[in-house]
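Observations on chain architecture
The lines below spell out each chain.
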Amino acid sequence: MDPEHAFAFRGVHATVGRFRLRDVSFSLPQGYVMGFVGANGAGKTTSIRCLLGMQRIDRGEIEVLGHRVPTPVALRQDVGVVLDHSYLVGEWRLTEVERAVEPFYDRWDTARYHDLLADFGLDPRARVKDLSRGMAVKLMITIALSHRARLLVFDEPTSGLDPVARDELSAILGDFLTDERHSILFSTHITSDLERIGDYLTLVHDGRIVATGTKDEVLDGYRIVRGGPDDFADVVGVPLIGLRRTGVAAEALVATEDAGLLGDRVVIERPSLEEIAVHIGSPAPGRARAKEYS
Amino acid sequence: MTDSARVALLDVRTVAPYRRQLLLTPLLVMAIMVNRPEVLVPGLILLCASNTAGYPFMVSDRADLETLYAVLPLTRRSLLLGHYLWALAIFTATAGIGTPAALILARWQHISFSGHTVATIVSLSWAAFALAVAIQFPLFVRFGYTRVGMLATTLPITLVALAATRLHLHFTPDTTVIALVAAGGAALLMASVAVTTAVDPHRPRTAATAPAAAATT
């Protein structure tokens, strides 16, 4: 057990129907934000469910805040969860939501709950079923932050939020991280959020971890290469990730150490996180090699 | 407060938004049985309380409360026991209101109700309620309310109605029989808790909770 880690996956295999997580290993030191990036169906939600003990794993081990999963139930006091859907009674008013969940949490902070509702512009008299998707996500975030969790786990929290609300969320998460024991796992496909708040990045594709490390390590680990439509035709030994060809150009993602092997016939640029995510998630030929940065 | 008590309280809050429709049935039962005070309590218990006891399962299916249960700091055992605690509270409330109402109606209609009669009515009602819950809850947990709700709620009522008509229950049991009936109801519920706990790992999974690893305490 490593108490310095907010969580750690070690060689995790899990099966959900025909989908499999394969040899998933990544970890986050306490006090940081990890962005968890991948296309729909890549394995983000399954990994998060494994982390939360909602999904049985076939092999490997997962550790959360110094405890091996399945963790003691009391540890859920320390974990705030925001999933991509609401799991509350639709007819509850937001005041009733608090009355329903508050008895279960030792460190529930009523003042914070109401402050966050006000900050998010949520009417305490509103009913859950009348909230838009974005407002429902804000409510789930409010609950997660009101029980003084040490680890927040977000599964696509920003997908229903407008840019202003996403900015508000970034500020609130920034406040949360002022305590160095607080950590966040943040799964999203809106990579601009992670450019702002992510310290670490983990890229997942087809149930496998493609890259994991600090944001700079992951971004520095790849290069976008661009050339003419035939410039990559005779490339051997260099995995071209998500190769795209049009009539006039071709573009692919390659490992930084491989970029030099392509010679000077192609343009080599540092990719954005979105470009990395798009190419890794692309069904085009060329597989990424797993990269783990210490 | 124990976690099971918290779950029972959560069940109260879960069904609270539906209180108007839940109160409608007992009012109808009371109106229909106003001239039959001796069957008022069994009627309320079988037609109202046993259905109400299963209501949190219905709302849970509708609102994905299984995910909420998985996120809350709560063991599955506490959750299941809490649902039974909620059922006991529903029985207590229904019997607590129905019995005085039956006594008032009997007095108003000059029907004599001895303490023994009241004890007989309440113990038989308890046994019928326990049978209903003992059948319903394992089915709700194993298959989900949506799939077996109608079957699980009508089966116990049918069984009790059949027993009442076939066995010609026009006897006046002695105190020992009353105590045995009451104890039998309690034993049924305890057996049901064991069955529900056993089938719980095989419950249907929502997208967010499938298939859950057992949490340790």
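Further up the page is the structure itself.
If you're wondering where the values come from, they're calculated on a predicted model, not measured in any experiment. Within any chain, residue numbers begin from 1 and follow the written order of that chain's sequence. Naming scheme: in the order in which they are written, chains are lettered from A and ligands are numbered from 1. With the structure being a predicted model, the display of local features is reserved for residues of pLDDT at least 70 and the display and counting of side-chain atom pairs for 80 or more, all residues being used for whole-chain, interface and lining totals. To obtain the side-chain values, all non-hydrogen atoms of the structure were included, while hydrogens and water were left out.

1. A look at the overall build of chain B
Within chain B, the regular secondary structure consists of 9 helices and 0 strands. Ordering the α and β elements of chain B from the N terminus gives α-α-α-α-α-α-α-α-α. Here, two residues are considered to be in contact whenever any of their heavy atoms come within 4.5 Å of each other. Contacts spanning at least 24 positions in sequence make up 80% of the contacts within chain B whose residues lie at least 6 apart. Here the Shrake-Rupley method, with its probe set to 1.4 Å, supplies the accessible areas, and only the displayed protein chains count as covering residues. Of the roughly 10,500 Å² of accessible surface on chain B, 70% is carried by carbon and sulfur atoms. The secondary structure listing takes helices from DSSP runs of H or I that are at least 4 residues long and strands from runs of E that are at least 2 residues long, numbered from the N terminus.

2. Thoughts on the overall build of chain A
For chain A, the helix and strand inventory stands at 9 helices and 15 strands. In terms of its C-alpha atoms, chain A occupies a principal-axis envelope of roughly 65 × 40 × 35 Å. Of the contacts formed within chain A by residues at least 6 apart in sequence, a portion of 71% connects residues at least 24 apart. Carbon and sulfur atoms make up 48% of the accessible area of chain A, which amounts to about 12,200 Å² in all. Treating the 35 positive side-chain charges of chain A as one cloud and the 44 negative ones as another, the clouds have centres 6 Å apart. Charge convention: Lys and Arg are scored as positive, Asp and Glu as negative, and His as well as the terminal groups of each chain are ignored. Here the site of a charge means NZ on Lys, CZ on Arg, CG on Asp, or CD on Glu.

3. Topic: the pattern of salt bridges
Counted as salt bridges are all cases of a side-chain nitrogen of Lys or Arg within 4 Å of a carboxyl oxygen of Asp or Glu. Enumeration according to the criterion identifies 21 salt bridges over all chains in this entry. Put simply, R10 of chain A and E63 of chain A hold a salt bridge, and the shortest N to O gap is 3.0 Å. Here R10 of chain A, found in strand β1 (residues 5-16), pairs with E63 of chain A, found in strand β4 (residues 59-64); they are 53 residues apart in sequence, far enough to count as distant. Exposure is judged per residue with a 1.4 Å probe applied to protein chains only, and the accessible area is read against the type maximum: over 50% gives exposed, under 20% gives buried, and values in between give partly exposed. Taking the relative accessible area as the measure of exposure, R10 of chain A reaches 30% and is therefore partly exposed. Residue classification places E63 of chain A among the buried residues on the basis of a relative accessible area of 1%. Here R203 of chain B and E66 of chain B are joined by a salt bridge, their closest N and O atoms 3.5 Å apart. Of this pair, R203 of chain B sits in the segment after α9 (175-199) while E66 of chain B sits in helix α5 (residues 65-71), placing them 137 residues apart in sequence. Of the two residues examined, R203 of chain B and E66 of chain B, each falls in the buried class. Several salt bridges converge on common partners, so that one network encompasses R226, R244, E251, E269 and E275 of chain A.

4. Points about a nonpolar patch on the surface
Residue and element names in this part refer to chain B. Within this analysis, patches are made of residues with over 30% relative accessible area and no salt bridge. Like charges are joined at 9 Å or less; nonpolar side chains (Val, Leu, Ile, Met, Phe, Trp, Tyr) at 5 Å or less. The grouping of L24, L28 and I32 at the surface amounts to a nonpolar patch, some 330 Å² of accessible area in total. Relative to the helices and strands, L24 is located in helix α2 (residues 19-32). Judged by its relative accessible area of 52%, L24 is exposed.

5. Here we look at the sheet that holds strand β12 (residues 241-245) of chain A
Residues and elements named next belong to chain A. Here we have 4 strands laid out as an open sheet, ordered β12-β13-β11-β14, and antiparallel in their pairing. In this open sheet, the two strands that pair with only one neighbour each are β12 and β14 (267-269). Mean inter-strand twist for the sheet, computed between neighbouring axes without regard to direction, equals 25 degrees. Should DSSP find at least two bridges between two strands, the strands are regarded as paired. Every axis in this analysis is a line fitted to C-alpha atoms, fitted for helices over the stretch in contact. Angles between the N-to-C directions lie between 0 and 180 degrees.

6. Here we look at the interface of chain A and chain B
Taken together, the 26 residues of chain A in the interface contact 32 residues of chain B. As used here, buried area is the combined drop in accessible area, with a 1.4 Å probe, of two parts when they are placed together. Roughly 2,700 Å² of surface becomes buried between chain A and chain B when both sides are summed, with 62% attributable to carbon and sulfur atoms. Looking at the side of chain A facing chain B, the largest losses of area belong to M54, R76 and F104 of chain A, adding up to 26% of the total buried there. Remark: the boundary between chain A and chain B carries 0 salt bridges. The residue classification treats Ala, Val, Leu, Ile, Met, Phe, Trp, Tyr, Cys and Pro as nonpolar and Asp, Glu, Lys and Arg as charged. All others, Gly included, are polar. Split into classes, the residues belonging to the side of chain A that touches chain B amount to 15 nonpolar, 6 polar and 5 charged.

7. Some points on the nonpolar core
The biggest cluster of nonpolar side chains holds 141 residues, and the ones touching the most others in it are F7, V64, L139 and L203 of chain A. At 12 residues, the largest contribution of residues to this core is made by helix α6 (residues 76-108) of chain B. One finds V225, L243, A250 and V266 of chain A within the second-largest nonpolar core, a separate group that totals 12 residues. For this analysis, a nonpolar core means a set of buried residues of the types Ala, Val, Leu, Ile, Met, Phe, Trp, Tyr and Cys, connected via side-chain atoms within 4.5 Å.

8. Quick notes on helix α7 (residues 115-143) of chain B
Helix length check: α7 of chain B, at 29 residues, gives a terminal C-alpha distance of 42 Å against a target of 42 Å (1.5 Å per residue), a fit within 8%. One or two positions beyond α7 of chain B, positive phi appears at G144 of chain B, with a value near 90 degrees. To estimate the expected span of a helix, subtract one from its residue number and multiply by 1.5 Å.

9. Describing the packing of aromatic side chains
All names here are of chain B. The pairing test for Phe, Tyr and Trp rings, Trp by its six-membered ring, is centres within 6.5 Å, and the orientation test on the planes gives stacked under 30 degrees, edge-to-face over 60, and tilted for anything in between. Summed over the entire model, instances satisfying the criterion amount to 16 aromatic pairs over all chains. For the ring pair F140 and Y145, a centre distance of 4.8 Å and an interplane angle of 40 degrees mean the geometry is tilted. When sorted by exposure, F140 lands in the same class as Y145, which is buried. The structure contains a cluster of three or more aromatic residues connected by ring pairs, namely F57, Y84, F137, F140 and Y145.

10. What to know about the sheet that holds strand β5 (residues 67-68) of chain A
Residues and elements named next belong to chain A. Pairing is antiparallel in the open sheet, where 4 strands are placed in the order β2-β1-β4-β5. The sheet is open, and its two borders are formed by β2 (19-29) and β5, each paired with just one other strand. With 8 bridges connecting them, β1 and β2 associate as antiparallel partners. If you follow H5 over to β2, its bridge partner there is P29.

11. Description of the pairing of strand β10 (residues 208-214) of chain A
Residue and element names in this part refer to chain A. In terms of residue burial, β10 counts as a mostly covered element, since 5 of its 7 residues are buried. Here strand β9 (residues 200-205) pairs with β10 via 6 bridges, running antiparallel. Bridge assignment links T202 to a residue of β10, and that residue is T212. Between the end of β9 and the start of β10, which pair antiparallel, lie 2 residues, with D206 showing a positive phi angle near 55 degrees.

12. Thoughts on the environment of T178 of chain A
Residues and elements named next belong to chain A. Turning to its location among the elements, T178 is positioned in the loop between α5 (163-176) and β8 (183-188). Given a relative accessible area of 66%, T178 falls into the exposed group. On a C-alpha basis, the gap between T178 and G31 in space is 8.5 Å, while along the polypeptide they are 147 residues apart. Here the side chain of T178 touches D175 through a polar contact of 2.6 Å, landing on its backbone oxygen. Any pair of nitrogen or oxygen atoms within 3.5 Å is treated as a polar contact; in protein, a donor-acceptor pairing is required on top of that, and neighbouring residues in sequence qualify only through side-chain atoms on both sides.

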